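# Observations on the model geometry
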Amino acid sequence: MKPLFSFSIVIICFTLFLTACGDEPIVQMDPSLTTTTAANDTLKAVANQFASINISGIKGSAELNGIEVFENDVKVSFDRIRFKGTAVAANPILLLTNDRQGFTAEVRLRTLYADIVTKITITLIDNDGNRVSVSRMIKATKQGPVIGYSAANPVNAVAPGTDYGFRFSVTTGSARLSTISVKENGVIITDVSRLKFDGIPFFSNPEFLPTNKIDGFVSNVVSVVLPATIGKWQYTFTFTDTLGGFTEYDVVAYVGTKLDFVATGVLLNAAGPQGTGGLDLDLGISTGSDDAEAEIKDEGIDAALPLVSNWKQKISAAGSAELRRVIQVIDISDIYVKEQILNYWNLGSPVSGPTPNKVLVNDIFVVKKEDRYYFLQIDKVTVSPTDNTDKFEVSIKW
């Protein structure tokens, strides 16, 4: 019996040895999915346009099969998705053979037409059904057409009835362009014979843009026949898109006679050096207060007062000129045509003799000499307490 027992022991040990030396257990590995967008970043996009997220997928134990895209945990319609720049036929997106080991790609999602923040989730699936996902937030903002304007604003001194071209470049926002409309002083222009786009007459106002302009255009002219009436006119150009978004752009046009002269001059204290105290407004040149070329003059000093305060700081018309003070709020930078100066002359208060009060910075005057009207703005007043070098610095237009 002893030999049989020994043989049995050998068989058992051999069996245990074979078991201990068998294959290692197989460990199943899931695929991996990463994105270059940081977890705390919110992607920003124009509503109804594509937002992009770059991803990289690597297979695990099984080959990759496809990716699936969700928005707020709801599967996205395939026609809103682009993968590697190409439209897809389904969602999930079936990966091609060369992507099944791993890939890097751009996934693009057309956002909703709303001012909204949504969650986009991209899920990677392998042939064993294993799934991994990344999620990021997208903030979509509705945007109307983007307008660039490359002509004068304001339009300076255009003759009445001029067919004037306003030059625009427009790009799309959330949707393709649809129409253009033009208003004059806030009122839609009903006489469409006054309007053209890129040389083509309007048939209505608003007018549909040509089909070759609906994706935007560069440096096209919207022309408007300006009124026969002299004055300030505001034009509002409105571009709309196919979703009802719109953007407006305002341009001011001054219809009238161009200015002949724009300059600055200095009117010195009449009690200063000989030959000072007057200002020739035709040329903006300081001259004597008795010079026939002077249109205005300084009123000098009050000898009864001490030197530190004896300058009267007043002006008057010189020779045959007339002087009026303008009380309306206006800046000389807003004077573009001669007719504006005449208008402020008509609104002005006549000044007989010296101005009743001291002349201060931003005071406005209009001077008339013969058939010429001069617009004056006091830019700076310099008071000299030690001598008679006091002065007014003046801007002049006529």
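Report on the accompanying structure. Please read these numbers as outputs of a predicted model, since none were measured by experiment.

On to the side chain of Q313. Its location among the elements puts Q313 in the loop between β26 (296-298) and β27 (315-317). Filtering out sequence-adjacent residues up to four positions away, Q313 remains in contact with G300, N357, K358, V359, L360, V381, V383 and F392.

Turning our attention to helix α2 (residues 338-347). Buried within α2 are the following residues: Q340, I341, Y344 and W345. Down the axis, α2 shows its buried residues gathered within 145° of arc, on one side only. Against β22 (246-255), β28 (322-326), β30 (364-369), β31 (372-382) and β32 (391-397) lie the buried residues of α2.

Along the chain, N220 turns up in strand β20 (residues 217-225). Looking at N220, the relative accessible area reads 7%, which means it is buried. A polar side-chain atom of N220 sits 3.3 Å from the main-chain carbonyl oxygen of V218.

Here the focus is the nonpolar core. Core analysis: the largest hydrophobic core is formed by 27 residues, its most contacted members being F166, F168, V182, V224, Y235 and F237. Grouped together as the second largest cluster of nonpolar side chains are 25 residues, I81, I122, V134 and I138 included.

A few words on the packing of aromatic side chains. All chains considered together, the criterion is met by 17 aromatic pairs. For the ring pair Y149 and Y249, a centre distance of 5.2 Å and an interplane angle of 35° mean the geometry is tilted. With Y149 in strand β12 (residues 146-149) and Y249 in strand β22, the pair connects residues that are 100 residues apart, well separated along the chain. Residue Y149 is classed as buried on the basis of its relative accessible area of 14%. What makes Y249 partly exposed here is its relative accessible area of 26%. Between the aromatic rings of F166 and F237, the centroid separation amounts to 5.0 Å while the plane-to-plane angle is 50°, which identifies the pairing as tilted. Of this pair, F166 sits in strand β14 (residues 163-171) while F237 sits in strand β21 (residues 231-241), placing them 71 residues apart in sequence. Across the pair, exposure class does not vary: F166 and F237 are buried alike. When the ring centre of W345 is taken as reference, the NZ or CZ atom of R324 above it lies at 4.1 Å.

Each value, and the rule that gives it
Residues numbered from 1 in each chain as written. Predicted model: local features only at pLDDT ≥ 70, side-chain atom pairs only at ≥ 80, totals over all residues. Heavy atoms only, no water. Helix = DSSP H or I, 4+ residues; strand = E, 2+ residues; numbered from the N terminus. Contact = heavy atoms within 4.5 Å. Buried < 20%, exposed > 50% of the residue type's maximum accessible area, 1.4 Å probe, protein only. Arc of directions from axis to C-beta. Polar contact = N/O pair within 3.5 Å; in protein donor to acceptor, adjacent residues only side chain to side chain. Core = buried A, V, L, I, M, F, W, Y, C linked by side-chain atoms within 4.5 Å. Phe/Tyr/Trp six-rings, centres within 6.5 Å; stacked < 30°, edge-to-face > 60°. Lys NZ or Arg CZ within 6 Å of the ring centre and 35° of its normal.

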